[in-house]
Amino acid sequence: MNPYKAIESGYYVQEPYTAVSELIAGRIALRPASTHLLLGGIGSGKTTQLLMTLDQINSLLENAYVRYIDVSIFTDTSKISSGVLVAIIGLILANLMQNSEEETVNKNINIIKKLANGYKEEKQTISPGLSHLASLTPYRDPFSQVKVEYHPGILSPESGQHSNKLIRAVTELCDLFRNENEYEQIIFLFDGLDRLDDTESFSHLIVNDMRDISAMGIGCVVVGSTRALYEEYKNTFEQAVDYLGYQSCLDVENDRDARDFFTSILENRASENFIDSDAREKIITYSGGVLRDLINITQSSIEESYLSGDDKLMLNHVEKAVGSFGRAKLLGLTKSDIDILQEFAEGRLLLPSSDAEIKLLIAGRIIEYKDPARRCVVHPALLPMLIPTAV
Amino acid sequence: MKITVDELLPRIRVQTEGNTWSVIIVDDQDLVNAVEELAASIEIFLECKIQSIDVSSAKIQFILEIESDTDYLLLWNFSNWTNTDWQELDYMRSSLDKGKRGGMLILSQSAVEKMSSYAPNFSSWVGGRIFQMILGAEFLTTEESQSRLETLREWAGQSDMEIIELAEAHQLSSEPEYGEWLILLGRGDLIGH
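Described below are features of the structure shown in this document.

Definitions and limits used
Residues numbered from 1 in each chain as written. Chains lettered and ligands numbered in written order. Predicted model: local features only at pLDDT ≥ 70, side-chain atom pairs only at ≥ 80, totals over all residues. Heavy atoms only, no water. Helix = DSSP H or I, 4+ residues; strand = E, 2+ residues; numbered from the N terminus. Buried < 20%, exposed > 50% of the residue type's maximum accessible area, 1.4 Å probe, protein only. Areas by Shrake-Rupley, 256 points an atom, 1.4 Å probe, with all protein chains shown as cover. Contact = heavy atoms within 4.5 Å. Buried area = accessible area lost by both parts, 1.4 Å probe. Salt bridge = Lys/Arg side-chain N within 4 Å of Asp/Glu carboxyl O. Pairing = 2+ DSSP bridges. Axes fitted to C-alpha atoms, helices over the stretch in contact; angles between N-to-C directions.

1. Regarding the overall build of chain A
- Within chain A one finds 17 helices and nine strands.
- Considered along the principal axes of its C-alpha atoms, chain A spans approximately 90 × 50 × 45 Å.
- Here chain A holds 391 residues, and 54% of them are scored as buried.
- Approximately 17,800 Å² of chain A is accessible, and the part contributed by carbon and sulfur atoms is 48%.

Structure (C-alpha cells):
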C-alpha cells in the first residue's frame, strides 16, 4: 500500500521519538521560506514523513498553500539538472492561475511554459553582407532562409539550462498567486529525488534551486538518498539548506521503543489476534527496522498463511516468507559484495566507506541505525543466507 | 521459490492492497508461453483488466502505453534491457503506481539480477515475491488439489455439489474463491455462468 493510502486509511502510527516531519514542520512554521533536505534509505518511510509534514504544516499555519510533488511525474529524474524544481513550481502555479485574465499573469505563464517544456523558434538567416538592411521594413532578403530552431525545455533531459528569465517569471507569478489568494506562506514538498544516483547533479539542484526557491519566499523540502551523507558533497548539502533531517531505520534489536512502535504498526493493520505473538516478533526482527520490509514480510507471510488454509499467521508462515525475502536480497550480488557483507557480519567492518560498501547500504543489504548508537548490520533476512549459523 | 501457475494465482489474489509487484523467472524459450498462460489465468482469477506489455522496443517509454483502466500489469521481454534501462525504471517507478493492483514482471534469471542491482527501489517493492515458474506442471498434484478443496469447503461450509448447483443456477457469489473452487473441480466452464 502506498504511503498516501496508508495515512488516509488511518494506518499511520506515531513514531516513538519526535518524527522528522514534526521537526521540519515546526521549523517551517517559524521560518516559512526555509529550505530542508530529508535524507534516508530505501523503504525507511521518507514519503510518509513528507506527507505527514504536509499535514502538520497545514495544522500549524492557517493561510498556507502546501503542495506535495513527486518530481518523477514531471521529468526524467535520471537526467535532472538545475532549474527543474523552479520549473515545476512555475508549471504548478501556471496551472493554478490559468483562468486569470490579467495580462501579467498570462505573460508569465507563457514564459514559464516555454522555458519549462521547450519551444520552437523560426529564425530568418540574413545573407552575409546584407545584415545592415535587415532592420529596414519591408526589406526582404531574397536569399534568406527560415530555419526552425528547437529550444529544449528545462524539464527535458537535453537541457541543462539554469534560466534567470524563468526565475523572474516564476517569482512574479508566485507573488500574484500569493496576493490573489491571500496566502501568507507557500511551501513545496518534493519527493522522488532519492532515486537520483548521481550525487553531483543532486548537489547542483539542491544548491541552486533551493536558493532560488527560498529567495522567492517559498518554503521547500526535498527528499534525497542516504548516499548524499556519504559522498564528498556532504558539506555542500549541509551548507546549502537550513535543515538536514535524516529518516533512519530503527534498531529494533537494541531499542525497546522502536520495537514497540513496529508492534503497534502491525496491531494497527491486522485484526486482533490474527498474528501469533511469536510470528509477530519474528517479522519485526527480520524487518531489520526497515518499515517497507516490515510491511512486505508481513504481506508475504499472510500469503503463506492463506495458502496453508490457516486462519492465523503463525511462525512457520513467517519463516517461509523470510526465506524468500532473504533469497531475493542475494540476487545480483557479486563475490566481492558477499565478501564485504561477511566482513560486516563478522564485525571486521563497522561503517561503509568504499563505493561498493555504500552501494550495499543504499540497496538495503546493509542497514544503518543512528539510535541508540550508530551501527551498521547486514540485513537480518539476508544474514542466514551468508552465515547459516547466524539464524 | 519454484511455483506453478496454479500455486501462483491464490497468492496474487491475496494481494488486495494495491500496487503489489511480483517477479516471475522463466527461461527465454518459455517466455511467450508463460505470458499467455499467466495473462489468461490472472484475468479469469482476478476478474479484472489485465494489460500485457512487451517492453523490448519502447523500453521505459512503455509507461506511456499503460491504459488508464488497467487493473493489473504484465510486463515482459526485458532481455535487451541495459543497466541504464533498469535505472530509469527505478526512477520512474511512481508511474507504475496507478492506485489499483500492481503487476508482474516476467524475466529471465540474468534480467532479475540486473533488476536487483540497478533498480533497488523497485526491488524493495517486490521484496521476496520472486518466483521461478514451472511450466507444464500447471496443475496441482491430486493431494494438493484435495487439500485446497478441503480448505475451501471448510471456509464456505458448503459441499462441492452445492457450489456446482449454485453456479448452474447463476446464484454463486462472484468472490474469487468460488472461481478457484470451480476450476479445482474441473468446472471452470461455470465461471461467470
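2. Some remarks on the interface of chain A and chain B
- Contact with chain A, which involves 32 residues of that partner, is made by 38 residues of chain B.
- In total, chain A and chain B occlude about 3,100 Å² of area from one another, counting both sides; carbon and sulfur atoms represent 48% of this.
- The largest share of the area that chain A buries against chain B comes from A:Arg195, A:Glu303 and A:Tyr306, three residues that together contribute 23% of it.
- Linking chain A with chain B are three salt bridges, by the criterion used here.

3. Some thoughts on the side chain of B:Asp85
- Mapped onto the elements, B:Asp85 comes out in helix H3 (residues 83–91).
- With near-sequence residues (within four places) excluded, B:Asp85 lies in contact with B:Lys59 and B:Asn80.

4. Here we look at the sheet that holds strand S7 (residues 243–247) of chain A
Residue and element names in this part refer to chain A.
- Read across the sheet, five strands follow the order S2-S5-S6-S1-S7 without closing on themselves; strand pairing throughout is parallel. This sheet does not close on itself; its edge strands, each paired only once, are strand S2 (64–70) and S7. Within the sheet, the average angular offset between the axes of one strand and its neighbour, ignoring direction, is 15°.
- Sheet topology places strand S1 (residues 35–40) next to S7; five bridges connect them, and they run parallel. Looking across to S7, one finds that Leu 37 is bridged to Leu 244.

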